[in-house]
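Architecture and fold: a report
These are the residues of each chain, in order.
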Amino acid sequence: YWMLDVAQELQARVIQTYIPGIPPKSLIMVGEASTYRAILTDPLTKKPEKIYRYFSRIYGGTTTMFTLNGAKWHAKRKTVAPAFSPRRIKRMKQVALDKTEAWIKLMAERTTEDEPSFDFDVTEEMVGIVLSA
């Protein structure tokens, strides 16, 4: 929420900040879809291995769309782009709403007067919603 507060105060969706350290590191946060798209689709944009190493480790060192650059990245992106067409996203909107409403109802049923709140793993719950769709 901090970024949203700063963006609103500065009336900007692209923010540069510094992370303390020796030397301090610059961090640029992009919260504007059109700018983010322009950065990702610019052929001169390169994904620094240092930042994307995490994705590489997840997939056992195998290169994926998240770790590739240039023409290889573009070819991978082109194969998945149809899955994110406006028509398909619109069709999934109702499914996502229905699954989320069902989850909210389930969470409400778990609460009682004696136990009005409880702990749960947000990641586990969200992955469960996505995988049930």
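Residues numbered from 1 in each chain as written. Predicted model: local features only at pLDDT ≥ 70, side-chain atom pairs only at ≥ 80, totals over all residues. Heavy atoms only, no water.

1. Description of the environment of Pro23
Here Pro23 is to be found in the loop between strand E1 (14–19) and strand E2 (25–30). Distance in space between the C-alpha atoms of Pro23 and Met107 is 46 Å, their sequence separation being 84 residues. (Helix = DSSP H or I, 4+ residues; strand = E, 2+ residues; numbered from the N terminus.)

2. A word on a negative patch on the surface
Taken together, the side chains of Glu113, Asp114, Glu115 and Asp119 present a region of like negative charge at the surface. Along the chain, Asp119 falls in the loop between helix H5 (86–110) and helix H6 (122–132). The class of Asp119 is exposed, set by a relative accessible area of 76%. (Patch = residues over 30% accessible without salt bridge, like charges linked within 9 Å, V, L, I, M, F, W, Y side chains within 5 Å. Areas by Shrake-Rupley, 256 points an atom, 1.4 Å probe, with all protein chains shown as cover. Salt bridge = Lys/Arg side-chain N within 4 Å of Asp/Glu carboxyl O. Lys, Arg positive; Asp, Glu negative; His and termini not counted. Charge placed at Lys NZ, Arg CZ, Asp CG, Glu CD. Buried < 20%, exposed > 50% of the residue type's maximum accessible area, 1.4 Å probe, protein only.)

3. Considerations on the confidence of the model for the protein
Per-residue confidence for the protein gives a mean pLDDT of 82, with 98% of residues at or over 70. By mean pLDDT, the top-scoring element of the protein is H5 (87), and the lowest-scoring one is helix H3 (residues 49–58) (77). (pLDDT = per-residue confidence, 0-100.)

4. Some points on the pairing of E1
Bridge count for E1 against E2 is six bridges, and the pairing is antiparallel. Opposite Ile19, over in E2, you have Lys25 as the bridge partner. The antiparallel pairing of E1 with E2 creates a hairpin that spans five residues between the two strands. (Pairing = 2+ DSSP bridges.)

5. Thoughts on the packing of H5 against H6
Packing of H5 against H6 leaves a shortest axis separation of 10 Å and a crossing angle of 135°. What the angle tells us is that H5 and H6 run oblique. Where H5 crosses over H6, the handedness of that crossing is right-handed. Counted together, Lys99, Trp103, Met107 and Arg110 of H5 and Glu125, Met126, Ile129 and Ser132 of H6 form the full contact between these two elements. Counted by class, the contact of H5 with H6 contains four nonpolar, one polar and three charged residues. (Axes fitted to C-alpha atoms, helices over the stretch in contact; angles between N-to-C directions. Parallel < 35°, antiparallel > 145°, perpendicular 65-115°, else oblique. Left-handed = near helix turned anticlockwise from the far one by under 90°. Contact = heavy atoms within 4.5 Å. Nonpolar A, V, L, I, M, F, W, Y, C, P; charged D, E, K, R; others polar.)

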